[in-house]
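In case you want the letters, here they are:
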Amino acid sequence: MNIYENDRDGLLKQAVEHWGQGAQVDMMIEEMSELTKALCKTRRAHSTEAMAKAVANVLEEMADVQIVLDQMKLIFGSPAEIETRKLERLAERLGKGGGTDGQEETKTTRSA
Ligand SMILES: [Mg+2]
């Protein structure tokens, strides 16, 4: 357990209060962009060493995105109910909710 685990939300709230909501929204955009770039680099890694470096960078940017995304939940509210609905729909699409068996789904119709 790290020192922030006990009051993770308190720390994130403090960050929003310190830098302001607008700055943290800008940071969200920036971090998503960095993750996008890191993911693209995994597609262009053509050696074991390059892939290891690219994956390490993806993990770094995933952590950045998660930290700022959790701040977005403090600013805009929790999407937990929406997430549950979407996960239920995903389960249906994968044939786990009594819906289609997922075979009708194509890449072009797929969404989160
Ligand atoms: Mg970053």
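All figures in this text were calculated on a predicted structure; none of them were measured in a lab.

Colleague: Could you clarify how one ought to interpret the overall build of the protein in this entry?
Modeller: Across its full length, the protein holds four helices and zero strands. Ordered by position from N to C terminus, the α and β elements of the protein give α-α-α-α. Counting the 112 residues in the protein, one finds 4% classified as buried.

Colleague: What should I look at first to understand the environment of Gln71 in this one?
Modeller: Following the sequence through the fold, Gln71 ends up in helix 3 (residues 48-76). Residue class for Gln71 comes out buried when judged on the 22 C-beta atoms lying within 10 Å of it. Sequence separation of Gln71 and Gln14 is 57 residues, and the distance between their C-alpha atoms is 9.6 Å.

Colleague: It is not clear to me how helix 3 should be interpreted in this structure. Could you clarify?
Modeller: Across its 29 residues, helix 3 extends 41 Å between first and last C-alpha, which sits within 8% of the 42 Å expected from 1.5 Å per residue. Looking one or two places after helix 3, you find Gly77, whose phi comes out positive at around 105 degrees.

Colleague: Would you take a moment to explain the packing of helix 1 (residues 8-19) against helix 2 (residues 21-44) for this structure?
Modeller: Pairs of packed helices are described in terms of their axes, by the angle between the two and the distance that separates them. Close contact between helix 1 and helix 2 brings their axes to 6 Å; oriented N to C, the two are set at 110 degrees. In terms of their interaxial angle, helix 1 and helix 2 are classed as roughly perpendicular. Listed contacts from helix 2 to Ala15, Val16 and Trp19 of helix 1 are Gln21, Ala23 and Gln24. When its residues are assigned to classes, the contact of helix 1 with helix 2 shows four nonpolar, two polar and no charged.

Colleague: Would you mind going over helix 4 (residues 80-93) with me for this structure?
Modeller: Residue pairs spaced three or four apart in an α-helix point in one direction, given the helix's 3.6 residues per turn. Across its 14 residues, helix 4 extends 20 Å between first and last C-alpha, which sits within 8% of the 20 Å expected from 1.5 Å per residue. A small share of helix 4 lies buried, amounting to zero of its 14 residues. A positive backbone phi angle near 80 degrees is found at Gly95, which sits one or two residues after helix 4.

Colleague: Looking at this model, I keep getting lost on the packing of helix 1 against helix 3. Mind explaining?
Modeller: Between helix 1 and helix 3, the shortest axis-to-axis distance is 9 Å and the interhelical angle comes to 75 degrees. Accordingly, the angle class assigned to the pair helix 1 and helix 3 is roughly perpendicular. Contact residues: Leu12, Lys13, Ala15 and Val16 in helix 1; Asp70, Gln71, Leu74 and Ile75 in helix 3. Of the residues belonging to the contact of helix 1 with helix 3, the class tally is five nonpolar, one polar and two charged.

Colleague: I'm lost on the environment of Val68 in this one. Help?
Modeller: Mapping Val68 onto the fold places it in helix 3. Between the alpha carbons of Val68 and Val16 there is a distance of 9.4 Å; along the sequence they are 52 residues apart. Apart from residues no more than four positions distant in its own chain, Val68 is found in contact with Gln24, Met27, Met28 and Glu31.

Reading guide: rules and limits
The numbers attached to residues start from 1 for each chain and follow its sequence in the written order. For this predicted model, a pLDDT threshold of at least 70 governs which residues receive local features, and a threshold of 80 or more governs which side-chain atom pairs are given and counted, while totals over whole chains, interfaces and linings are taken from all residues. For the purposes of this entry, the term helix denotes a DSSP run of H or I that reaches at least four residues, the term strand denotes a run of E that reaches at least two, and both are numbered from the N terminus. Burial is judged by counting other C-beta atoms within 10 Å of a residue's own C-beta: 20 or more means buried, 12 or fewer means exposed, and anything between counts as partly exposed, with every C-beta placed from the backbone. The span you would expect from a helix comes to 1.5 Å times its residue count less one. In this description, a line fitted to the C-alpha atoms serves as the axis of each element, helices being fitted only across the stretch in contact, and the angle between N-to-C directions of two axes falls anywhere from 0 to 180 degrees. By the definition adopted for this analysis, an angle is roughly parallel if under 35 degrees, roughly antiparallel if over 145, roughly perpendicular if from 65 to 115, and oblique otherwise. We call two residues in contact when their backbone-placed C-beta atoms lie within 7 Å. For this classification, the nonpolar set comprises Ala, Val, Leu, Ile, Met, Phe, Trp, Tyr, Cys and Pro, the charged set comprises Asp, Glu, Lys and Arg, and every other residue, Gly included, is treated as polar.

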